Amino acid sequence: LKMKSLLLLLISVCLSSAFVDITTPRFVVNLDLPPTERWAHVVKNYIDLYPIMEQEFYKILPKAVVEFAEKIVGILDEFLPAPYADEVRGIAKYTNSTVGETLVGNLAYDFTAFHHKDKSDSEACTSIVAVASNGTLFHGRNLDYSFHDLLRNFTVVIDFQKGGHTIFTGTTFAGYIGVLTGMRQNGISISLNERNTGDWWENILAAMATRLHGLAGILIRDTLTDQSMDYSKALETLSTKPMIAPCYIILGGSNSSEAAVITRNRLSAVDIWHINNTDKWYILETNYDHWNSPPKSDNRRDPAIEAMNKIGKDHINMHTLYQVLSTPPILNNKTAYTTIMSTHHGLYYTMIRHP
């Protein structure tokens, strides 16, 4: 009852604030279905928007990435691990898109995460794992991205089920087979923040070396799907598996010592920042290495720390963590959605943001 009351309070914040927030559409993806059919009932709802989104992808992706995607369509099974090639084909079928267009959309994050020398620093995610005074973990995140208006229209919550039971829940985008935010009840919670370093051609080389097995969204989905993957195993997997793009992976577990920020390059972790190695009751990551100061042009870290310290360990919960993530500039005009997760309580909540 207490947690239900907190959810009602959270909703009331959304309705009473100056922002217009929308509850995210929620679907079940049945993993017992053939891969080509799993996403049909989801993507059909967005069929009119796909041409617009595809145009946006072709604008932001380097031409070499698009050419690479188009060349491997005929041998996609050699690049995408099963069952993902067939999921891409099924999404293409039910959105009246080509397999190449659908693949390009699924490569967008991994091939835009690099240092853009011609662009100033920009907002691109905040993740926090906090430990309440009773030891309960709460994991929250804002996902910020450049074409946020379109992403808001595609944001969905998916309950991935097998045998009629939910294995894990994730927030993703209709047509994207990976997840960048997700939770397995009584297990682990994961969010991914972009780390802008290196050049785009390094991502291409990493994609060829891993044969697309290093896609961030698929790595996180696989980690959440594997029910034998506890916090320790997930930490090792997410720290050592080769990836296409650098990133920050924020991992939470089920007890007060299980929270970490994994700072990744393409081959492995360059740093693992454990909550036990801090003097705080929370661990917080935006888009800059935690051992360096954030740039003045994009300092969301210090306002988030200030907001967390103001609330305090005795008062942190799903409602107050949502308040932190609703504080400017942590919440900004590029924020597509906010997710709050609790593995202990089995609660998972995503709001589409319109600041």
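All of these numbers come straight from a predicted model, not from anything done at the bench.

(A) Structural view of the overall build of the chain. Helix and strand counts for the chain stand at twelve helices and 14 strands. The globule rule puts the C-alpha radius of gyration for 355 residues at 20 Å, and the 19 Å found for the chain is close to it. Projecting the C-alpha coordinates of the chain onto the three principal axes gives extents of approximately 55 × 45 × 40 Å. A total of 355 residues make up the chain; the buried ones form 58% of that total. Residue pairs at least 24 apart in sequence account for 69% of intrachain contacts in the chain once pairs closer than 6 positions are excluded. In the structure as shown, the chain presents an accessible area of about 14,500 Å², 53% of it carried by carbon and sulfur atoms. Counting 31 positive and 36 negative side-chain charges, the chain places the averaged centre of each group 2 Å from the other.

(B) Quick look at the sheet that holds strand E7 (residues 181–183). With mixed pairing, eight strands are arranged side by side in an open sheet as E2-E5-E6-E7-E8-E9-E10-E11. With one partner strand each, in any of the chains shown, strand E2 (26–30) and strand E11 (269–274) form the two edges of the open sheet. Between one strand axis and the next, the sheet turns through 20° on average, direction left out of account. Across the face of the sheet, helix H10 (residues 231–240) comes into contact with strand E8 (189–194), strand E9 (247–252), strand E10 (259–264) and E11 while running at roughly 15° to E10.

(C) How the structure looks around the sheet that holds strand E3 (residues 126–131). Pairing in this open sheet of six strands is antiparallel, and the strands run E1-E14-E13-E4-E3-E12 from one edge to the other. The sheet is open, and its two edges are formed by strand E1 (22–23) and strand E12 (282–285), each paired on a single side. Pairing of strand E13 (residues 335–342) with strand E14 (residues 347–352) involves six bridges; the strand directions are antiparallel. Opposite Thr 339, over in E14, you have Thr 350 as the bridge partner. The strands that helix H11 (residues 301–311) touches are E3 and E12; relative to E12, the one it contacts most, it runs at about 160°.

(D) View of the packing of aromatic side chains. According to the stated counting rule, one finds nine aromatic pairs in the structure shown. Taken together, a centroid distance of 6.0 Å and an interplanar angle of 85° make the contact between Phe 68 and Phe 79 edge-to-face. Taken as a pair, Phe 68 in helix H4 (residues 63–71) and Phe 79 in the loop between H4 and helix H5 (84–94) lie far apart in primary sequence, eleven residues in all. Assessed through its relative accessible area of 13%, Phe 68 is described here as buried. Between the aromatic rings of Phe 173 and Tyr 337, the centroid separation amounts to 6.1 Å while the plane-to-plane angle is 55°, which identifies the pairing as tilted. Residue Phe 173 is located in strand E6 (residues 165–173), and its partner Tyr 337 is located in strand E13; the two are separated by 164 residues in the primary sequence.

(E) Local environment of the packing of helix H3 (residues 50–60) against helix H6 (residues 99–107). Where H3 meets H6, the axes come as close as 10 Å, and the angle between the chain directions of the two elements is 65°. The handedness of the crossing between H3 and H6 is left-handed. Only Gly 100, Glu 101, Val 104 and Gly 105 of H6 make contact with H3, whose side of the interface consists of Glu 54, Phe 57 and Tyr 58. A class-by-class count of the residues in the contact of H3 with H6 yields three nonpolar, two polar and two charged.

(F) Just H4, in detail. Residues Val 65, Val 66, Phe 68 and Ala 69 constitute the buried set of H4. The arc that holds every buried residue of H4, seen down its axis, measures 160°, which confines them to one face. The exposed set on the far side of H4, more than 90 degrees from its buried face, consists of Lys 63 and Lys 71. Those residues of H4 that are buried lie in contact with H3, H6 and helix H8 (200–210).

What counts and what doesn't
Residues numbered from 1 in each chain as written. Predicted model: local features only at pLDDT ≥ 70, side-chain atom pairs only at ≥ 80, totals over all residues. Heavy atoms only, no water. Helix = DSSP H or I, 4+ residues; strand = E, 2+ residues; numbered from the N terminus. Rg over C-alpha atoms; globule rule 2.2 N^0.38 Å. Buried < 20%, exposed > 50% of the residue type's maximum accessible area, 1.4 Å probe, protein only. Contact = heavy atoms within 4.5 Å. Areas by Shrake-Rupley, 256 points an atom, 1.4 Å probe, with all protein chains shown as cover. Lys, Arg positive; Asp, Glu negative; His and termini not counted. Charge placed at Lys NZ, Arg CZ, Asp CG, Glu CD. Pairing = 2+ DSSP bridges. Axes fitted to C-alpha atoms, helices over the stretch in contact; angles between N-to-C directions. Phe/Tyr/Trp six-rings, centres within 6.5 Å; stacked < 30°, edge-to-face > 60°. Left-handed = near helix turned anticlockwise from the far one by under 90°. Nonpolar A, V, L, I, M, F, W, Y, C, P; charged D, E, K, R; others polar. Arc of directions from axis to C-beta.

None of the figures reported here should be taken as evidence of function without further support.
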